[in-house]
Amino acid sequence: MTKLRSVVRGCGSFLPETVLTNDDLAAKVDTSDAWIVERTGIRERRVAAEGELTSTLGIRAAEKALAHAGMRADEIELIVLATSTPDNTFPSTATAIQAALGITHGAAFDLQAVCSGFVFALATADNFLKAGQYKTALVIGAETFSRILDWEDRTTCVLFGDGAGAVVLEAREQPGEADDQGILSTHIHSDGRFYDKLYVDGGPSSTGTVGCVRMSGREVFRHAVVNIAQCIEEALEASGMKASDIDWFVPHQANKRILDGTARKIGLDPDRIVMTLDRHGNTSAASIPLALDEAVRDGRIQRGDLVLIEAMGGGFTWGSSLLRW
Ligand code: UT7
């Protein structure tokens, strides 16, 4: 029986120009390039310029994704933007992006699941498309975490960066088999008992301020290893696939040690991991579409390849998706 699947028509990404190296950070806080590289794998990250907003980055990524898909903006019916760093508390940054793209129909909204945001947004758009409610969607991850960092806190300020990535999805009838093109399954989870392990110490309803990122790094690390492996196994099981079937593993980029450990645990070839962490740092909801776009543009990800994505972030939230490019 045929099945409606969300097929990726194209992708795009955008990074702000300013590069902040580990040495730049070592001049501000008590850290070193050696510590950051050894503990995280990060060498540098990008930082948005003054006046360069989350919407600015999201618009640029969306325009590139549309060009790559060979589609006009007015062919898009749904925009889901994953971000934890919106331009304003409201309206949604997605509506700013919608207006900039000249789209006046359909719906646009933000979705907040911190570093898991892109997986949550992809799952949301996929369900709208599979239900037949929309035919096309733009799923964007865009962040300016540099605006919510405490630049005196070495335990967090060395980890994050700014950027945006986007994919264009289109609902297409597929044969309903394992080698269908498009999103094969999505799996999202949250457990709010861990709310205070990775959070921002401000907000409109609590302090009336924006706040800064606070994290119990070691605890997040411990849970990330377990939760990521669990939701990868869930994705493989749902589609009847094995780790050896995966062509490309495009994880959320938080820590190289987590990614290497995950690959080892589930038996993935380390050469199949798309890693951008060294140059982008952790760009939260933007990291997966940024990495996807890089691997598509440099020819690693080809049509027909099986791609596994996963993420874990504040909440805690975590999730995975298997898709055939
Ligand atoms: O994207 C959302 C999900 N986020 C994550 O997955 C992040 C998960 N956590 C991590 O990636 C790691 O826990 C970190 C990279 C944040 C930290 O690495 P760690 O190996 O867990 O270090 P730690 O927090 O246990 O700290 C070890 C030492 C401490 O010093 P003492 O107490 O041993 O004297 C820290 O104060 O390293 C110190 N430290 C630093 N030293 C130099 C912490 N940050 C720094 C720093 N530079 N930037």
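Along each chain, numbering runs from 1 in the same order as the chain's sequence is written. For this predicted model, a pLDDT threshold of at least 70 governs which residues receive local features, and a threshold of 80 or more governs which side-chain atom pairs are given and counted, while totals over whole chains, interfaces and linings are taken from all residues. Water and hydrogen atoms were dropped before computing side-chain values, which therefore reflect all heavy atoms in the structure.

Engineer: If you had to explain the sheet that holds strand 12 (residues 306-313) to someone new, which residues and values would you point to?
Structural biologist: Following DSSP output, two strands are said to pair if at least two bridges run between them. Here a strand is any run of E in DSSP of at least two residues, a helix any run of H or I of at least four, and the numbering for each starts at the N terminus. Within the open sheet, the four strands sit side by side as 8-13-12-11. Their pairing is mixed. Looking at which strands have only one partner, the edges of the open sheet turn out to be strand 8 (182-190) and strand 11 (248-251). If you compare each strand with its neighbour and ignore which way they point, the axes differ by 10 degrees on average. Note on method: axes are straight lines fitted to C-alpha atoms, helices fitted across the in-contact stretch only, with angles between N-to-C directions ranging 0 to 180 degrees.

Engineer: Please give an account of the site of the ligand that cites residues and values.
Structural biologist: Distances are taken per atom, and a residue is near a molecule or strand as soon as one of its heavy atoms is within 4 Å of it. Looking at the ligand, there are 23 residues lining it, with T31, R39, R218, N255 and N282 nearest. For the purposes of these results, a polar contact is taken to be a pair of N or O atoms within 3.5 Å, where, inside protein, one atom must be able to donate a hydrogen and its partner to accept one; residues adjacent in sequence count only when each atom of the pair is a side-chain atom. For the ligand, a nitrogen atom lies 2.9 Å from a polar atom in the backbone of R154. The contact in question runs from an oxygen atom of the ligand to an N or O atom on the side chain of R257, over 3.0 Å. What sets the accessible areas is the Shrake-Rupley method with a 1.4 Å probe; for residues, cover comes only from the shown protein chains. About the coverage of the ligand: the protein hides 76% of its 960 Å² of free accessible area.

Engineer: Could you give an account of helix 8 (residues 256-266), with specific residues and numbers?
Structural biologist: With a 1.4 Å probe rolled over the protein chains alone, any residue whose accessible area is under 20% of its type maximum counts as buried; one over 50% counts as exposed, and the rest are partly exposed. Within the span of helix 8, buried status applies to I258, L259, G261, T262, A263 and I266. Whether two residues touch is decided by their heavy atoms; if any such pair falls within 4.5 Å, the residues are in contact. Close packing links the buried residues of helix 8 with helix 7 (217-239), strand 11 and strand 12. Near the N-terminus of helix 8, the side chain that reaches the backbone nitrogen of R257, with its oxygen 2.7 Å away, is that of N255. Looking at the residues trailing helix 8, positive phi occurs at G267, about 75 degrees.

Engineer: Can you tell me about the layout of surface pockets, naming the residues and giving the values?
Structural biologist: Method remark: on a 1 Å grid restricted to protein atoms, a set of points is classed as a cavity if a 1.4 Å probe fits but cannot get out and as a pocket if it is open with protein on both sides within 12 Å along at least five of seven lines; lining residues have an atom within 4 Å of a point. Grid points are joined across faces, edges and corners, and a volume is the space filled by probe spheres set on the points. In this structure, the largest pocket spans a volume of roughly 1000 Å³. S84, P86, Q112, V200 and G202 are, among the 37 residues lining the largest pocket, the residues nearest its centre. When residues of the lining of the largest pocket are assigned to their parent elements, the largest contribution, three residues, is made by strand 9 (residues 198-200). Note that Gly is not counted as nonpolar here; it falls among the polar residues with everything else outside the nonpolar set of Ala, Val, Leu, Ile, Met, Phe, Trp, Tyr, Cys and Pro and the charged set of Asp, Glu, Lys and Arg. The class makeup of the residues in the lining of the largest pocket is 16 nonpolar, 17 polar and four charged. A domain split of the lining of the largest pocket shows at least three residues from each of domain 1 (3-174) and domain 2 (182-324). Of the volumes computed, that of the second largest pocket is approximately 630 Å³. For the second largest pocket, the lining is made up of 28 residues, of which M215, G217, R218, F221 and N255 are closest to its centre. For the domains described, the bounds stem from an automatic or database domain assignment.

Engineer: How would you explain the side chain of D180 if you had to name every residue and give the values?
Structural biologist: Among the structural elements, D180 can be located in the loop between strand 7 (162-174) and strand 8. The class for D180 is buried, based on a relative accessible area of 1%. A distance of 2.9 Å separates a polar side-chain atom of D180 from the backbone nitrogen of E177. When near neighbours in sequence (up to four residues on either side) are disregarded, D180 contacts R5, Q174, P175 and R324.

Engineer: Tell me what's going on with the sheet that holds strand 6 (residues 136-144), and back it up with residues and numbers.
Structural biologist: Across the sheet, which stays open at both edges, the five strands sit in the order 1-7-6-4-5 with mixed pairing between neighbours. Each of the sheet's edge strands pairs with one partner strand only, and the pair in question is strand 1 (3-14) and strand 5 (107-111). Going from strand to strand, the sheet's axes swing by 20 degrees on average, the running direction of each strand aside. Along the sheet face, helix 3 (residues 54-69) touches strand 1, strand 6 and strand 7 and points at about 120 degrees away from the line of strand 1.

Engineer: Explain empty space enclosed by the protein to me, using residue names and the numbers behind them.
Structural biologist: Summed over all chains, the structure comprises one cavity of 30 Å³ or more. Empty space within the largest cavity amounts to approximately 30 Å³. Lining the largest cavity are V8, F118, L122, V167, I183, L292 and L323. Two domains each donate at least three residues to the lining of the largest cavity, and these are domain 1 (3-174) and domain 2 (182-324).

Engineer: Residues and numbers for the packing of aromatic side chains, please.
Structural biologist: Note on ring pairs: Phe, Tyr and Trp rings are taken, using the six-membered ring of Trp, and paired if centres are within 6.5 Å. Classes follow the plane angle, with under 30 degrees stacked, over 60 edge-to-face and the rest tilted. The full count for this structure, using the stated rule, is four aromatic pairs. A cation over a ring is seen here: K28 above W151, with NZ or CZ 5.2 Å from the ring centre. Definition used: whenever NZ (Lys) or CZ (Arg) falls within 6 Å of the ring centre and also within 35 degrees of the ring normal, the charge is taken to sit over that ring. One residue, R300, lies across the ring of W248, its end atom 6.0 Å from the ring centre.

Engineer: Before we move on, can you summarise the domain arrangement of the chain with the specific residues and values?
Structural biologist: By a widely used convention, the size of an interface equals the accessible area lost when the partners come together. The domain boundaries assigned to the chain delineate domain 1 (3-174) and domain 2 (182-324). Distance between the C-alpha centres of domain 1 and domain 2: 14 Å. With 52 residues of domain 1 in contact, the opposing surface of domain 2 contributes 49 residues. Salt bridges are defined as contacts in which a side-chain nitrogen from Lys or Arg sits within 4 Å of a carboxyl oxygen from Asp or Glu. Between domain 1 and domain 2 we count two salt bridges in total. When the shortest N-O distance is used, the salt bridge between R214 and D153 registers 3.6 Å. Applying the counting rule to domain 1 against domain 2 returns 19 residue pairs in polar contact (both at pLDDT 80 or more). At the level of secondary structure, the elements contributing two or more residues to the side of domain 1 that touches domain 2 comprise strand 1, helix 2 (33-40), strand 3 (44-47), helix 3, helix 5 (117-130), strand 6 and strand 7. Take the side of domain 1 that touches domain 2: its biggest share by element is nine residues, from strand 1.

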